[in-house]
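Survey of secondary and tertiary structure
As a plain string of letters, each chain reads:
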Amino acid sequence: MSICLPPHASGRRPGPLALCRLAVALALLGSTAWAQTPQAGTADQAPAGLTWRPGSPSAGHLTAAQLGVVINQSDPVSVAVGEAYVRRRGIPAGQVLRVELPDQPELSPADLGSLQAGIAAQMGPQVQALLLVWRRPYAVACHSITSAITLGSDPALCAPKGEICRPGRPHAYYNSHTAMPFSLLGIRPSMLLPARSIAQGLALVERGVLADGQLPTEARPTPTPVAWFEPTTDAARNVRAVRFPPPGMAGEVEVRVQPAAQGRPGPLLLYQTGTVRVQDPGGLDFLPGAVADHLTSFGGHLDGAGQMTALEWLEAGATASAGTVSEPCNYPQKFPDPQVVLQRLLLGETVLEAYWKSVMWPAQTLLVGDPLARPLAAAPRRWAAAATTKPQGPALHAPEDGPKAGDN
């Protein structure tokens, strides 16, 4: 099914030649947004260049004036939630694109090209990132739709069929300090806002808005937010445990590293674990703007594939989550890195920035939630003094040997 793009903001559709040029430009951008494929390595080692260092400088954060919103007019939930998001966040009218997409898990490569061309035609150079408001489609072949929209497709990852247990490709936005990814890197990081109902979608929008400025600063203390990193006995899914930060205080956030058997701490700013399914996620005490995810094979398969999904985290009260849409074979580089996510949140960045900058190989990784949620609206000053502890676990770098298919 082809995508129907409504008239451009000027009242006229872009001509076929203009769309063709845009499609070619987007294809070239997609092919160059990926960095060179790394050499292969061991699966329990993660990508390079990060240390648990004292508050690296951040060049600012994403704002509503820099966000483009794409609404699927074929989906009543998308329309209601998307229009509410635009109003609540004050998104400029010229940065809203309304399209018609098929109600199916995967978007075809041809439809992806049409959607990318429509985005390029609608969004001006001030738009640095994108919010896609719908539940389906969430994949393009073996890619997540957020990765495909942002970086283009990586055909080598999906072919030959059945052999996707291989290293991915790093991208230039990984762990960067820029707040202007489109202006400086030529990419618009995207996040999907999915919901099964209008009520659930509107509740997520409100949580994101409430997140802004709610968590503590030196001048305005509130209950201490907790970043909980839960190790598990599931060896294949516990591979991120070597990257859990050391317990203690990091600025105004308490870092807890403990199994659930020792109690469920809260209120939660961040929760990460490795398991097929978390028991009673709705019983967790999430703060507005909290992010939560679990390392498993099909967390990004929003229709469900026998495993807990990223959508279930949103329904449990988290404001953002992540999961893979196709078999990742437990490469930790395909999931949010615990230390990078926490560091980026502590630096006062949005959840879109914290998540995108923490996934080194994002081709299969679906990122969901409210991209503008910014729970630590003012980076705590004490963070610089609190984050000097050396990291636990190996330094981040590209692995040499991947895990075997079926590990997940």
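Everything below is about the structure printed above this text.
Computed from a predicted structure; not experimentally measured.

Reading guide: rules and limits
- Residues numbered from 1 in each chain as written.
- Predicted model: local features only at pLDDT ≥ 70, side-chain atom pairs only at ≥ 80, totals over all residues.
- Heavy atoms only, no water.
- Helix = DSSP H or I, 4+ residues; strand = E, 2+ residues; numbered from the N terminus.
- Buried < 20%, exposed > 50% of the residue type's maximum accessible area, 1.4 Å probe, protein only.
- Contact = heavy atoms within 4.5 Å.
- Areas by Shrake-Rupley, 256 points an atom, 1.4 Å probe, with all protein chains shown as cover.
- Polar contact = N/O pair within 3.5 Å; in protein donor to acceptor, adjacent residues only side chain to side chain.
- Axes fitted to C-alpha atoms, helices over the stretch in contact; angles between N-to-C directions.
- Parallel < 35°, antiparallel > 145°, perpendicular 65-115°, else oblique.
- Left-handed = near helix turned anticlockwise from the far one by under 90°.
- Nonpolar A, V, L, I, M, F, W, Y, C, P; charged D, E, K, R; others polar.
- Patch = residues over 30% accessible without salt bridge, like charges linked within 9 Å, V, L, I, M, F, W, Y side chains within 5 Å.
- Salt bridge = Lys/Arg side-chain N within 4 Å of Asp/Glu carboxyl O.

**Notes on the overall build of the chain**
The helix and strand tally for the chain stands at 11 helices and 13 strands. Burial status across the chain gives 56% buried among its 408 residues. The long-range fraction of contacts in the chain, counting pairs at least 24 apart against all pairs at least 6 apart in sequence, stands at 80%. Per element, the accessible surface of the chain, about 14700 Å² overall, is 57% carbon and sulfur.

**Considerations on unusual backbone geometry**
Cis rather than trans, the peptide bond between Arg136 and Pro137 has omega equal to 5°. By the element assignment, Pro137 lies in the loop between β3 (129–133) and β4 (139–140). Following Gly266, the chain continues to Pro267 via a peptide bond in cis, the omega torsion being 0°. Position of Pro267 relative to the elements: it lies in the loop between β9 (253–257) and β10 (268–273). Residue Ala141 is not a glycine yet carries a positive backbone phi of 55°. Tracing the backbone through its elements, the reader meets Ala141 in the loop between β4 and β5 (143–144). Taking relative accessible area as the criterion, Ala141 reaches 40% and is therefore assigned partly exposed. For Asp280, which is not glycine, the phi torsion reads 50° and is therefore positive. With respect to the secondary-structure elements, Asp280 resides in the loop between β10 and β11 (286–294).

**Here's the deal with the side chain of Asp293**
Here Asp293 is to be found in strand β11. Residue Asp293 is classed as buried on the basis of its relative accessible area of 1%. In this structure the side chain of Asp293 is engaged in a polar contact, spanning 2.7 Å, whose partner is the side chain of Tyr355.

**Some points on the packing of helix α2 (residues 76–89) against helix α7 (residues 198–211)**
Contact geometry for α2 and α7: axes closest at 9 Å, N-to-C directions at 20°. Compared by their axis directions, α2 and α7 come out roughly parallel. Both α2 and α7 take part in a crossing whose hand is right-handed. Of the residues in α7, those in contact with Pro76, Val77, Ala80, Val81, Ala84, Tyr85, Arg88 and Arg89 of α2 are Ile198, Gly201, Leu202, Val205, Glu206, Gly208 and Val209. Tallied by class, residues from the contact of α2 with α7 come to 10 nonpolar, two polar and three charged.

**Examining a nonpolar patch on the surface**
Judged by side-chain polarity, Met180, Leu184 and Leu185 come together as a nonpolar surface patch covering roughly 250 Å² of accessible area. Note that Met180 resides in the loop between α5 (155–158) and α6 (181–185).

**A look at the pattern of salt bridges**
In this structure the tally under the stated criterion is 17 salt bridges. Salt-bridge contacts for Arg237 lead to Asp234; the nearest nitrogen and oxygen are separated by 2.9 Å. Overall, Asp234 belongs to the partly exposed group, its relative accessible area being 24%. A salt bridge links Arg277 to Glu312; the nearest nitrogen and oxygen atoms lie 2.9 Å apart. Of this pair, Arg277 sits in the loop between β10 and β11 while Glu312 sits in helix α8 (residues 310–316), placing them 35 residues apart in sequence. Three or more residues are tied together by salt bridges with common partners; here these are Asp103, Arg135, Arg136 and Asp303.

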